[in-house]
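Chain and residue survey
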Amino acid sequence: TNLEVRWASQANLLQRRGRAGRVQRGTCVHLFTRARFEHLEAQPTPEIVRVPLEDVVLTVCDLGLDEASNEDYALLGVAAGVCRFLGRAPDAPDERSIHAAFYGLQDLGALDSQGYLTHLGALLMRLPVPPALGA
(Lines give C-alpha, C1' and ligand atoms only; values in the text may rest on other atoms or scores of the structure.)
Protein backbone atom coordinates (compact mmCIF):
# COMPACT_ATOMS: atom_id res chain seq x y z
CA THR A 1 0.00 0.00 0.00
CA ASN A 2 1.02 3.60 -0.52
CA LEU A 3 0.70 6.61 1.73
CA GLU A 4 -0.89 9.44 -0.21
CA VAL A 5 -0.54 12.98 1.09
CA ARG A 6 -3.79 14.88 0.68
CA TRP A 7 -5.85 17.59 2.36
CA ALA A 8 -8.20 16.46 5.10
CA SER A 9 -11.93 17.03 4.69
CA GLN A 10 -13.94 19.56 6.66
CA ALA A 11 -15.57 16.72 8.63
CA ASN A 12 -12.16 15.28 9.60
CA LEU A 13 -10.93 18.67 10.78
CA LEU A 14 -14.05 19.41 12.81
CA GLN A 15 -13.81 16.00 14.46
CA ARG A 16 -10.14 16.59 15.29
CA ARG A 17 -10.98 19.99 16.78
CA GLY A 18 -13.66 18.34 18.92
CA ARG A 19 -11.13 15.87 20.33
CA ALA A 20 -8.72 18.57 21.49
CA GLY A 21 -9.17 19.07 25.21
CA ARG A 22 -11.67 16.24 25.64
CA VAL A 23 -9.52 14.09 27.94
CA GLN A 24 -6.96 16.64 29.11
CA ARG A 25 -6.17 20.25 28.37
CA GLY A 26 -5.38 20.76 24.72
CA THR A 27 -5.70 23.02 21.73
CA CYS A 28 -6.16 22.20 18.07
CA VAL A 29 -4.33 24.45 15.62
CA HIS A 30 -5.06 24.21 11.89
CA LEU A 31 -2.33 25.72 9.74
CA PHE A 32 -4.38 27.03 6.84
CA THR A 33 -6.72 29.91 6.12
CA ARG A 34 -10.49 29.98 6.48
CA ALA A 35 -10.69 30.34 2.70
CA ARG A 36 -8.75 27.07 2.28
CA PHE A 37 -11.09 25.39 4.78
CA GLU A 38 -14.13 26.52 2.79
CA HIS A 39 -12.69 24.91 -0.37
CA LEU A 40 -12.04 21.52 1.25
CA GLU A 41 -14.38 18.60 0.60
CA ALA A 42 -17.22 18.43 3.12
CA GLN A 43 -16.75 14.67 3.66
CA PRO A 44 -13.71 12.45 3.06
CA THR A 45 -13.60 10.34 -0.10
CA PRO A 46 -13.86 6.64 0.85
CA GLU A 47 -10.49 4.93 0.60
CA ILE A 48 -11.80 2.08 -1.57
CA VAL A 49 -12.80 4.63 -4.22
CA ARG A 50 -9.53 6.60 -4.27
CA VAL A 51 -6.85 3.88 -4.10
CA PRO A 52 -5.77 1.40 -6.79
CA LEU A 53 -7.75 -1.81 -6.39
CA GLU A 54 -5.05 -4.35 -7.26
CA ASP A 55 -4.21 -5.09 -3.60
CA VAL A 56 -7.90 -5.38 -2.73
CA VAL A 57 -8.60 -7.74 -5.66
CA LEU A 58 -5.63 -9.94 -4.70
CA THR A 59 -6.90 -10.17 -1.13
CA VAL A 60 -10.46 -10.98 -2.22
CA CYS A 61 -9.18 -13.77 -4.49
CA ASP A 62 -6.81 -15.12 -1.83
CA LEU A 63 -9.51 -15.29 0.85
CA GLY A 64 -11.95 -17.02 -1.51
CA LEU A 65 -14.51 -14.22 -1.25
CA ASP A 66 -14.95 -14.13 -5.02
CA GLU A 67 -17.67 -16.74 -5.44
CA ALA A 68 -20.24 -15.98 -8.14
CA SER A 69 -23.40 -17.59 -9.45
CA ASN A 70 -23.57 -19.01 -12.96
CA GLU A 71 -25.72 -16.04 -14.00
CA ASP A 72 -23.13 -13.54 -12.74
CA TYR A 73 -20.36 -15.53 -14.40
CA ALA A 74 -22.22 -15.46 -17.72
CA LEU A 75 -22.74 -11.69 -17.48
CA LEU A 76 -19.39 -10.54 -16.06
CA GLY A 77 -16.91 -13.29 -16.93
CA VAL A 78 -14.14 -14.49 -14.62
CA ALA A 79 -14.15 -11.22 -12.66
CA ALA A 80 -17.78 -11.79 -11.62
CA GLY A 81 -17.05 -12.91 -8.08
CA VAL A 82 -14.77 -9.97 -7.32
CA CYS A 83 -17.27 -7.53 -8.86
CA ARG A 84 -20.09 -9.07 -6.85
CA PHE A 85 -18.16 -8.96 -3.57
CA LEU A 86 -16.81 -5.42 -3.95
CA GLY A 87 -20.15 -4.24 -5.32
CA ARG A 88 -21.70 -4.95 -1.90
CA ALA A 89 -19.34 -2.50 -0.19
CA PRO A 90 -21.02 0.60 1.32
CA ASP A 91 -19.12 2.86 -1.11
CA ALA A 92 -18.54 0.40 -3.92
CA PRO A 93 -15.85 1.17 -6.49
CA ASP A 94 -16.78 1.53 -10.14
CA GLU A 95 -17.20 -1.82 -11.90
CA ARG A 96 -14.82 -0.69 -14.66
CA SER A 97 -12.12 -0.06 -12.05
CA ILE A 98 -12.62 -3.55 -10.61
CA HIS A 99 -12.37 -5.11 -14.08
CA ALA A 100 -9.25 -3.07 -14.89
CA ALA A 101 -7.57 -4.19 -11.67
CA PHE A 102 -8.59 -7.84 -12.18
CA TYR A 103 -7.42 -8.10 -15.78
CA GLY A 104 -4.30 -6.07 -14.99
CA LEU A 105 -3.39 -8.69 -12.37
CA GLN A 106 -3.99 -11.42 -14.92
CA ASP A 107 -1.64 -9.63 -17.32
CA LEU A 108 1.00 -9.48 -14.57
CA GLY A 109 0.59 -13.21 -13.94
CA ALA A 110 -0.73 -12.74 -10.39
CA LEU A 111 -4.06 -14.36 -11.33
CA ASP A 112 -4.53 -17.26 -13.74
CA SER A 113 -7.12 -17.41 -16.53
CA GLN A 114 -9.80 -18.63 -14.08
CA GLY A 115 -9.10 -15.86 -11.55
CA TYR A 116 -7.20 -18.02 -9.07
CA LEU A 117 -4.16 -16.65 -7.27
CA THR A 118 -0.87 -17.85 -8.78
CA HIS A 119 2.41 -18.37 -6.93
CA LEU A 120 3.51 -14.92 -8.11
CA GLY A 121 0.24 -13.44 -6.82
CA ALA A 122 0.82 -14.98 -3.39
CA LEU A 123 4.30 -13.45 -3.31
CA LEU A 124 3.02 -10.05 -4.46
CA MET A 125 0.52 -10.01 -1.60
CA ARG A 126 3.36 -10.09 0.91
CA LEU A 127 5.18 -7.09 -0.55
CA PRO A 128 4.42 -3.59 0.78
CA VAL A 129 4.41 -2.14 -2.76
CA PRO A 130 1.84 -2.11 -5.55
CA PRO A 131 1.74 -5.43 -7.45
CA ALA A 132 3.03 -3.84 -10.67
CA LEU A 133 6.25 -2.82 -8.89
CA GLY A 134 6.78 -6.22 -7.33
CA ALA A 135 6.27 -8.25 -10.49
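Take the overall build of the protein chain next. Helices and strands together make up the secondary structure of the protein chain, namely nine helices and zero strands. For the protein chain, the N- to C-terminal ordering of α and β elements is α-α-α-α-α-α-α-α-α. Computed over C-alpha atoms, the radius of gyration of the protein chain comes to 20 Å, more than 25% over the 14 Å expected from 2.2 N^0.38 for 135 residues, which places it beyond the range of a compact globule. Overall, the protein chain is about 55 × 30 × 30 Å in size when its C-alpha atoms are taken along their principal axes. For the protein chain, the residues scored as buried account for 22% of the 135 residues in total. Taking as baseline every contact in the protein chain between residues at least 6 positions apart, the subset at least 24 positions apart corresponds to 55%.

Let us now look at the side chain of Gln106. Among the secondary structure elements, Gln106 is positioned in helix H7 (residues 95-108). In contact with Gln106, not counting residues within four places along its chain, are Val78, Leu111, Asp112, Ser113, Gln114 and Gly115.

Taken as a whole and judged by the stated rule, the model has two salt bridges. Note that Arg6 and Glu41 form a salt bridge whose closest N and O atoms lie 4.0 Å from each other. With Arg6 in the segment before helix H1 (10-19) and Glu41 in the loop between helix H2 (34-39) and helix H3 (47-50), this residue pair connects regions lying 35 residues apart in the sequence. Between Asp94 and Arg96 there is a salt bridge; the shortest N-O distance is 3.0 Å.

Here we come to the confidence of the model for the protein chain. Residue-level pLDDT values for the protein chain average 85, and 92% of them are 70 or greater. The element-level mean pLDDT for the protein chain is lowest in helix H5 (residues 70-76), coming to 64, with H2 highest at 94.

Following both chains from N to C, one finds helix H4 (residues 54-62) and helix H6 (residues 80-87) inclined at 105 degrees, their axes separated by 10 Å at the closest point. By the criterion of interaxial angle, the relationship of H4 to H6 is roughly perpendicular. The segment H4 lies against H6, with Val56, Val57, Val60 and Cys61 engaging Val82, Phe85 and Leu86.

Here the focus is the nonpolar core. Core analysis: the largest hydrophobic core is formed by 16 residues, its most contacted members being Val57, Val82, Phe102 and Leu111. Elements with a minimum of two residues in this core: H4, H6 and H7. Look past the residues within four positions of Val57 in its chain and what remains in contact with it is Val82, Leu86, Ala101, Phe102, Leu105 and Leu111.

Procedures and definitions
- Residues numbered from 1 in each chain as written.
- Predicted model: local features only at pLDDT ≥ 70, side-chain atom pairs only at ≥ 80, totals over all residues.
- Heavy atoms only, no water.
- Helix = DSSP H or I, 4+ residues; strand = E, 2+ residues; numbered from the N terminus.
- Rg over C-alpha atoms; globule rule 2.2 N^0.38 Å.
- Buried < 20%, exposed > 50% of the residue type's maximum accessible area, 1.4 Å probe, protein only.
- Contact = heavy atoms within 4.5 Å.
- Salt bridge = Lys/Arg side-chain N within 4 Å of Asp/Glu carboxyl O.
- pLDDT = per-residue confidence, 0-100.
- Axes fitted to C-alpha atoms, helices over the stretch in contact; angles between N-to-C directions.
- Parallel < 35°, antiparallel > 145°, perpendicular 65-115°, else oblique.
- Core = buried A, V, L, I, M, F, W, Y, C linked by side-chain atoms within 4.5 Å.

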